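# Residue-level structural notes
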Amino acid sequence: MSESSQGSHGKGAGLGLALVSALAFGGSGVAAKPLIEAGLDPLHVVWLRVTGAALVMLPLAVRHRSLPRRRPALLAGFGLLAVAGVQACYFAALSRIPVGVALLVEYLAPALVLGWVRFVQRRPVTRAAALGVVLAAGGLACVVEVWSGLSFDALGLLLALAAACCQVGYFVLADQGSDAGDEAPDPLGVIAYGLLVGAAVLTVVARPWSMRWSVLTGSAEMNGTAVPAVVLLAWIVLIATVAAYVTGVLSVRRLSPQVAGVVACLEAVVATVLAWVLLGEHLSAPQIVGGLVVLVGAFIAQSSTPAKNSAGPVASGGPERELSARGTSA
């Protein structure tokens, strides 16, 4: 097989993995919200999600036991931001605002990635990227209906924005070492230890010993239909966490943070549609239009070609890889 054919096959596999990851992540909110409404604290749902996934991935952590010694900062950052930070802020936001709104706010992350490139790495960005940021911000204004004095809970919106900041860390850190050849940290090992770090941090923050464990033995209502709580939890742990993180990180390694992020925007669409169908959460016409504008802005911001002389990976700013010359041809 030629090198170009192998590259095309790798990109095709990466796009497929990114799509699966977006679908898996998109179902987390509609499974978690009934548990929260049944009496579980959002932080306790996050703790159950991350700790359950960490236990599932524990054999892989044992297999890659040398990884904490070689890449301690990467594992700590992934655990704190990509696992604990994203999930805690997102689930806390769910308890105060609709699922679709929480995810659409979270998908301001593309604008934040561009801000990281421009102001932290001090590298130029294109006009198309700047346009994407403006569109995302304008769409968000429609989603939260700023003309009505922010009808949504302000704290819920801030929590969703914090999840967006942490999601930047997810894409940046998932790409670390992807071009280091045999020296690259194994992605499954990174996920396993990230989940362990996240579980440890959340144990201190969530204090699971005070959780209402009895909720898990009963049922939770999903738009009037009783669903066993343990089934919802199993979905959150196995599909929306383990499968979502594994396919997501592998897709970033095969593509780039920008390209994987473009496909990940589908998560917001999936979550909004599922929340509409399964939870009965209806958005107004301006909010739907605003959500579409957010997604278009995210697409433009993440897929636009970098400005000239802007080589370097998103995470470190070094000369390891073009920001996404290959991403724009995927």
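Going by the structure above, here's the rest.
What comes next is a walk through the structure.

Reading the values: rules and limits
Residues numbered from 1 in each chain as written. Predicted model: local features only at pLDDT ≥ 70, side-chain atom pairs only at ≥ 80, totals over all residues. Heavy atoms only, no water. Helix = DSSP H or I, 4+ residues; strand = E, 2+ residues; numbered from the N terminus. Contact = heavy atoms within 4.5 Å. Polar contact = N/O pair within 3.5 Å; in protein donor to acceptor, adjacent residues only side chain to side chain. Phe/Tyr/Trp six-rings, centres within 6.5 Å; stacked < 30°, edge-to-face > 60°. Buried < 20%, exposed > 50% of the residue type's maximum accessible area, 1.4 Å probe, protein only. 1 Å grid on protein atoms, 1.4 Å probe; cavity = no way out; pocket = protein on both sides within 12 Å on 5 of 7 lines; lining within 4 Å. Points joined across faces, edges and corners; volume = space filled by probe spheres on them. Nonpolar A, V, L, I, M, F, W, Y, C, P; charged D, E, K, R; others polar. Axes fitted to C-alpha atoms, helices over the stretch in contact; angles between N-to-C directions. Left-handed = near helix turned anticlockwise from the far one by under 90°. Pairing = 2+ DSSP bridges. Patch = residues over 30% accessible without salt bridge, like charges linked within 9 Å, V, L, I, M, F, W, Y side chains within 5 Å. Areas by Shrake-Rupley, 256 points an atom, 1.4 Å probe, with all protein chains shown as cover. Salt bridge = Lys/Arg side-chain N within 4 Å of Asp/Glu carboxyl O. Expected span 1.5 Å × (residues − 1). Bend = angle between axes of the 7 residues up to and from the residue. Parallel < 35°, antiparallel > 145°, perpendicular 65-115°, else oblique.

### Overview of the environment of Thr 241
Structurally, Thr 241 can be placed in helix α11 (residues 229-254). C-alpha separation for the pair Thr 241 and Ala 53, spaced 188 residues apart in sequence, amounts to 6.5 Å. Other than its neighbours up to four places away in sequence, Thr 241 contacts Arg 49, Ala 53, Leu 195 and Ile 236. A polar contact is formed between the side chain of Thr 241 and the backbone oxygen of Ile 236, at a distance of 2.7 Å.

### Examining the packing of aromatic side chains
On inspection of all chains with the given rule, the structure shows seven aromatic pairs. Ring plane angle 45 degrees and centroid distance 6.3 Å describe the contact between Phe 78 and Tyr 170, whose orientation is recorded as tilted. One end of the pair, Phe 78, is in helix α5 (residues 72-94); the other, Tyr 170, is in helix α9 (residues 154-174), and 92 residues separate them in sequence. With 5.7 Å between their ring centres and 65 degrees between their planes, Tyr 90 and Phe 91 make a pair best called edge-to-face. As far as burial versus exposure is concerned, Tyr 90 and Phe 91 are alike and both buried.

### A short note on the layout of surface pockets
In this structure, the largest pocket occupies an estimated 180 Å³ of space. Looking at the largest pocket, it is lined by twelve residues, and the ones nearest its centre are Val 269, Thr 272, Leu 283, Ile 288 and Leu 292. The set of elements that each furnish at least two residues to the lining of the largest pocket consists of α13 (266-279) and α14 (285-303). Considering only residue class, the lining of the largest pocket consists of nine nonpolar, three polar and no charged.

### Comments concerning the environment of Tyr 170
On the accessibility criterion, Tyr 170 (7% relative accessible area) is buried. With 91 residues separating them along the chain, Tyr 170 and Gly 79 place their C-alpha atoms 9.3 Å apart. Not counting residues within four places of it along the chain, the set of residues in contact with Tyr 170 comprises Ser 21, Phe 25, Phe 78, Ala 82, Ala 244, Tyr 245, Gly 248 and Val 249.

### A few points about the packing of helix α3 (residues 42-63) against α5
Running from N to C, α3 and α5 point in directions that differ by 140 degrees, and their axes come no closer than 8 Å. Note on packing geometry: the crossing formed by α3 with α5 is right-handed. Every residue of α5 that contacts α3 at Pro 42, Leu 43, Val 45, Val 46, Arg 49 and Val 50 is listed here: Val 83, Gln 87, Ala 88, Phe 91 and Ala 92. Residue composition of the contact of α3 with α5, by class: nine nonpolar, one polar and one charged.

### Things to note about the side chain of Gln 87
Position of Gln 87 among the secondary structure elements: in helix α5. Of the polar contacts made by the side chain of Gln 87, one reaches the side chain of Arg 49; its length is 2.4 Å.

### Some thoughts on the pairing of strand β2 (residues 225-228)
Of the strand pairs in this sheet, strand β1 (residues 219-222) and β2 are connected by four bridges, and their pairing is antiparallel. Note that in β2 the partner of Met 222 across the bridge is Thr 225. Taking the residues between adjacent antiparallel strands as the criterion, β1 and β2 are bridged by two residues, where Asn 223 takes a positive phi near 55 degrees.

### Side note on empty space enclosed by the protein
One pass over the structure, following the stated rule, counts three cavities of 30 Å³ or more. Contributing to the lining of the largest cavity are 22 residues, with Phe 25, Tyr 107, Gln 167, Tyr 170 and Glu 267 lying nearest its centre. When contributions to the lining of the largest cavity are tallied by element, the ones reaching two or more residues are α1 (3-26), α5, α9, α11 and α12 (257-264). Across the lining of the largest cavity, the residue classes break down as 13 nonpolar, six polar and three charged.

### Side note on a nonpolar patch on the surface
A surface patch of nonpolar side chains, amounting to about 570 Å² of accessible area, comprises Val 269, Val 273, Trp 276, Val 277, Leu 278, Ile 288 and Leu 292. Going through the elements one at a time, α13 and α14 are the ones with two or more residues in the nonpolar patch. The element best represented in the nonpolar patch is α13, accounting for five residues. Here Leu 292 is to be found in helix α14.

### Some thoughts on α11
Here α11 contains 26 residues, and its C-alpha end-to-end distance of 36 Å stays within 8% of the 38 Å for a straight helix at 1.5 Å per residue. The largest bend along α11 reaches roughly 35 degrees and is located at Ala 244.

### Looking at unusual backbone geometry
A positive phi angle, close to 50 degrees, is found at Arg 207, a residue other than glycine. Assignment of secondary structure puts Arg 207 in the loop between α10 (187-206) and β1. Judged by relative accessible area, Arg 207 falls into the partly exposed class, the value being 48%.

### Observations regarding the packing of α9 against α11
Look at α9 against α11: their axes get within 8 Å of each other, and the N-to-C directions meet at 55 degrees. Judged on the interaxial angle alone, α11 and α9 are oblique. Of the residues in α11, those touching α9 at Tyr 170, Phe 171 and Ala 174 are Ala 244, Tyr 245, Gly 248, Val 249, Val 252 and Arg 253. Split by residue class, the contact of α9 with α11 holds seven nonpolar, one polar and one charged.

### Some words on the pattern of salt bridges
Tallied over the full model, the rule gives one salt bridge. Across the pair Asp 153 and Arg 96 runs a salt bridge, and its minimum N-O distance is 2.7 Å. Note that Asp 153 is positioned in the loop between α8 (127-143) and α9 and Arg 96 in the loop between α5 and α6 (99-106), a separation of 57 residues in sequence. Given the relative accessible area of 26%, Asp 153 is considered partly exposed. The partly exposed category is assigned to Arg 96, whose relative accessible area is 42%.

Function-wise, these values are silent; they only describe arrangement.
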